[in-house]
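Summary of structural features
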Amino acid sequence: MRIARFSIDGNVAFGAVEGDKPDELVLDIIKGIPFADFELSGTKVPLSKVRLLPPVLPNKVVAFGRNYAEHAKELGNEVPDAPFAFFKPSTSVIGPGDQIAYPSFSQELHYEAELAVVIGRMCREVPRERVKDVILGYTCANDVTARDVQKREKQWARAKGFDTSCPLGPWVETDLDPSDLTIQCTVNGQQRQLGRTSQMIHSIDDLIVNISEAMTLLPGDVILTGTPEGVGPLNVGDEVAVTIEGIGTLTNKVIKRG
């Protein structure tokens, strides 16, 4: 099931996305929230009539860096022996079609296409055999990074946590095998990244076991799983799109920060 979060006439709701052709998609409005038992209302609205929002509002975004060997190599970094985590705050999250504001303190903004895991239930110290039980589904993410700031500051809070640095969407796909999916990033229609989730050094199971040893994960929290090689610059006016096989495409435009 594809679960979207959207607004219409000033109201926010979740809906199940139905249909195959992009211009014929409709939303069946969900009664309740997708983190508990819910029913479809049968009330349907065309996707073209709503504004898609970030599919979840996470309490926290836990991101894992250097989880693809070729990406670590292209930036001159060693591959970590264990998962390497950092945070992006909830205020960094935007949705499909929202604008990425180029931060005033950076001169080198980069895209990073990533598979995002959405947590479906509160959990802590998750055993490997139970990882799938705590996952609601998967969505596309762009770990937008102020690369020059990342290089000169030991902490990545500003480089990766600024407002609008975490686009998510367009929806959460709940029925998906994430083990070998194509990840692609384009800028102004030109392909910049192309990789597969099977190239991850540490699997999704590894990442969730690792971070849940340290902290409680809440429904709606998001885990970013790393980016393939091919990262590069974004400029004001660029349109960047992340496409993941079996999920869809997340598109955002870069603007000058006002």
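Cut-offs applied
Residues numbered from 1 in each chain as written. Predicted model: local features only at pLDDT ≥ 70, side-chain atom pairs only at ≥ 80, totals over all residues. Heavy atoms only, no water. Salt bridge = Lys/Arg side-chain N within 4 Å of Asp/Glu carboxyl O. Helix = DSSP H or I, 4+ residues; strand = E, 2+ residues; numbered from the N terminus. Pairing = 2+ DSSP bridges. Axes fitted to C-alpha atoms, helices over the stretch in contact; angles between N-to-C directions. Buried < 20%, exposed > 50% of the residue type's maximum accessible area, 1.4 Å probe, protein only. Phe/Tyr/Trp six-rings, centres within 6.5 Å; stacked < 30°, edge-to-face > 60°. Polar contact = N/O pair within 3.5 Å; in protein donor to acceptor, adjacent residues only side chain to side chain. Contact = heavy atoms within 4.5 Å.

1. Things to note about the pattern of salt bridges
Scanning all chains against the criterion turns up 15 salt bridges. Across the pair K160 and D143 runs a salt bridge, and its minimum N-O distance is 2.8 Å. One end of the pair, K160, is in helix α3 (residues 157-161); the other, D143, is in the loop between β12 (135-142) and β13 (145-146), and 17 residues separate them in sequence. For R158, the salt bridge is made with E153, and the minimal N-O distance between the two is 2.7 Å. Ionic contacts of the salt-bridge type, sharing partners, join the residues K88, E112, D143, R147 and K160 into one network.

2. Focus on the sheet that holds strand β9 (residues 99-102)
Taken in spatial order, the 5 strands of this open sheet run β9-β20-β19-β15-β16, and their pairing is mixed. Across the chains shown, the open sheet's two edge strands, defined by having one partner strand only, are β9 and β16 (190-196). Averaged over all pairs of adjacent strands, the angle between strand axes in this sheet comes to 20°, irrespective of strand direction. Two strands pair when backbone bridges link them, and strand β15 (residues 182-187) and β16 are joined in this way by 6 bridges, in the antiparallel orientation. Of the residues in β16, the one forming a bridge with Q184 is L194.

3. Re the pairing of strand β19 (residues 239-244)
In terms of strand pairing, β15 meets β19 through 5 bridges, oriented antiparallel. Bridging across to β19, I183 finds its partner in I244. Sheet topology note: the β19/strand β20 (residues 248-256) ladder contains 6 bridges and is antiparallel. The residue bridging V240 from the neighbouring strand is N252, located in β20. The turn joining β19 and β20, which pair antiparallel and follow one another in sequence, is formed by 3 residues; a positive phi near 85° is taken by G246.

4. A closer look at the pairing of strand β6 (residues 61-65)
Extensive coverage of β6 is indicated by the burial of 5 of its 5 residues. Of the two faces of β6, the one holding V61, A63 and G65 and the one holding V62 and F64 are both buried throughout. Looking at chain direction, β6 and strand β17 (residues 222-224) are connected through 3 bridges and run parallel. The partner of V62 across the bridge, within β17, is I223.

5. Observations concerning the packing of aromatic side chains
The full count for this structure, using the stated rule, is 4 aromatic pairs. A centroid spacing of 6.5 Å and a plane angle of 85° characterise the contact between F14 and F35, whose relative ring orientation is edge-to-face. Of the two residues, F14 sits in strand β2 (residues 11-18) while F35 sits in the loop between β3 (26-31) and β4 (39-46), which places them 21 residues apart along the sequence. Taking relative accessible area as the criterion, F14 reaches 13% and is therefore assigned buried. By relative accessible area, which is 24% here, F35 ends up partly exposed. With a centroid separation of 6.2 Å and 80° between ring planes, the pair formed by F105 and F162 is classed as edge-to-face. Of this pair, F105 sits in the loop between β9 and β10 (109-111) while F162 is found in the loop between α3 and β14 (166-173), placing the two residues 57 residues apart along the sequence. Cluster of aromatic residues (ring-pair linked, three or more members): F84, F86 and W156.

6. A look at the side chain of K88
One can find K88 in strand β7 (residues 84-88). Overall, K88 belongs to the buried group, its relative accessible area being 1%. Of the polar contacts made by the side chain of K88, one reaches the side chain of D143; its length is 2.6 Å. A polar side-chain atom of K88 sits 2.5 Å from the main-chain carbonyl oxygen of K160. Setting aside residues no more than four positions away along its own chain, K88 makes contact with K60, V61, D143, V144, K160, S165, C166 and L224.

Limitation: the analysis is restricted to geometry and does not speak to function.
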